[in-house]
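Here's the letter readout for the chains.
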Amino acid sequence: MSMLHSSASYLGAILVIALSLHGCGGGSGDGPPPVDLPGPPIALGVQRVFPNLDFVQPVAMLQAPGDSTRWFVVQQGGLVKVFVNDPTIGVAEDFADIVGRVASGGETGLLGMAFHPDFPADPRVYLSYTASNLVSRISEFKLGVNGKVDAATEQILLVIDQPESNHNGGNIAFGQDRFLYIGMGDGGGGNDQVGTSHGPIGNGQNMKTLLGKMLRIELAPPPGGSPVYSIPGTNRFAGNPQCGVNGTGTQECPEIYASGFRNPWRWSFDRQTGELWLGDVGQSTREEVDRVTPGGNYGWVCFEGTLPTGLACGSEPNLLPPVAEYGRSAGTTVTGGYVYRGSAIPGLVGRYVFGDFGSGRIWHIAANTQPTITVTDGFDSALNISSFGEGTDGELYIVHYGGQLYRLTGS
């Protein structure tokens, strides 16, 4: 039976104060106030879809490129389920099974999935997971004769050692440039373990590790071979030796696209502009949303949101502020979403939609928002929002970690 949570309407993203660029070599702090063009009021809601299906710890839902006939749901335990895009469907089949290869518990497991941009003509599928020996793997798989992922075809592209079991990041997606983007957390623990297992400035600010970064690689054409990926020439450290064997190098890692993240759990590309929007999970005071640019450094562990931590963080220049942030009264764990490009909610078109796993709140902000606004209130979905999904038609869906799927509605 469908459920509609409509008791709370969207209260808006409230502008609190104009917050300056981060210090540590950044700007002076002078500049225009934050801008968010709210548009007409939108009463958001969520409606359960595919009510005959339940999943186990779902963390992502997606459709294959250009194919609206099926949905795929990633389960943290190591399964990917597939089902027909029919509201009455009662059965979801296994599409991929790597249960025996993934670590279990906490923030580990199967965390992300992407189809090759030319799928199914190019039948390659990519999975991001924490292996049982506590390393993050980005792997390429091919389809078997049954049209499902053949686990025996795994080709490991990247291996990144994880010092702790949390902050694994794990989202992967292809950009409009056809490069594969990979989100990696700082390796876990508190305060990026500055001065201990993460080194004197932590992993987020250490350019010789892939931890705490957004990565970008170019895939080898089929049938693969060695090397299995190359480095886009516009990456910040292109030309340096690759760090994909264990996630570290003797020089700055050429896979790095952007840096200074704590745990970029969910992020996405605006399908119209190609801009990269990212939700970076905070520690104890701030959750943040970043609009990521090539080579940008978003401040962790020097800053949590716009708040300086006082920790040693190296000498990286021009640390960039988030476009939006919120404190603990609004939520605890940001879940990045999408810029809405659907047609069912006209007033939402062009606005970035994101939520919070802990509080269940959902917000939307203008895509041209300038740093930094503070959001409060929001629409209370009453869900544990582990991820958002975007259909081929641009409509947005919500993955409830408790096992159900919802569609975002509005008026």
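Note that the structure is predicted; figures quoted are calculated from it, not measured. (Residues numbered from 1 in each chain as written. Predicted model: local features only at pLDDT ≥ 70, side-chain atom pairs only at ≥ 80, totals over all residues. Heavy atoms only, no water.)

Peer 1: What am I meant to see in the nonpolar core here?
Peer 2: Soluble globular proteins tend to pack their nonpolar side chains together in the buried interior. Formed by 42 residues in total, the largest nonpolar core has its most connected members in Phe95 and Met113. Looking at which element gives the most residues to this core, the answer is strand E7 (residues 110–115), with four residues. When neighbours within four sequence positions are excluded, methionine 113 is seen to be in contact with Leu62, Phe72, Val74, Val80, Phe95, Val125, Tyr126, Leu127 and Ile172. Core analysis: the next-biggest nonpolar cluster, separate from the first, contains 24 residues, Ile138, Ile172, Leu211 and Cys253 among them. (Core = buried A, V, L, I, M, F, W, Y, C linked by side-chain atoms within 4.5 Å. Buried < 20%, exposed > 50% of the residue type's maximum accessible area, 1.4 Å probe, protein only. Helix = DSSP H or I, 4+ residues; strand = E, 2+ residues; numbered from the N terminus. Contact = heavy atoms within 4.5 Å.)

Peer 1: What is the right way to look at the state of the cysteines in this model?
Peer 2: Here a disulfide denotes one covalent bond, and it connects the sulfur atoms of two cysteines. By the definition in use, this model includes two disulfides. Each disulfide pairs two cysteine sulfurs, and for cysteine 243 the partner residue is cysteine 253, the sulfurs being separated by 2.3 Å. Between cysteine 243 and cysteine 253 the sulfur-sulfur dihedral comes to about -95 degrees; the bridge is accordingly left-handed. Placement of cysteine 243 in the loop between strand E14 (229–230) and strand E15 (256–259) and of cysteine 253 in the loop between E14 and E15 is noted, with a sequence separation of ten residues between them. Judged by its relative accessible area of 0%, cysteine 253 is buried. With its sulfur 2.3 Å from that of its partner, cysteine 302 forms a disulfide with cysteine 313. Disulfide cysteine 302 to cysteine 313: torsion about the S-S bond roughly 120 degrees, handedness right-handed. On the criterion of sequence distance, the pair formed by cysteine 302 in the loop between strand E18 (287–292) and strand E19 (303–304) and cysteine 313 in the loop between strand E20 (307–308) and strand E21 (324–326) is long-range, its members being eleven residues apart. Here cysteine 302 falls in the buried class, since its relative accessible area comes to 4%. (Disulfide = S-S within 2.5 Å.)

Peer 1: Teacher, can you tell me more about the sheet that holds strand E17 (residues 276–280) here?
Peer 2: Hydrogen bonds between backbone groups are what pair the strands of a sheet, and the pairing can be parallel or antiparallel. Pairing is mixed in the open sheet, where five strands are placed in the order E16-E17-E18-E21-E25. Strands at the two margins of the open sheet, each flanked by one partner only, are strand E16 (264–269) and strand E25 (373–374). In terms of strand pairing, E18 meets E21 through three bridges, oriented antiparallel. When the bridges of E21 are listed, glutamate 287 appears paired with tyrosine 326. (Pairing = 2+ DSSP bridges.)

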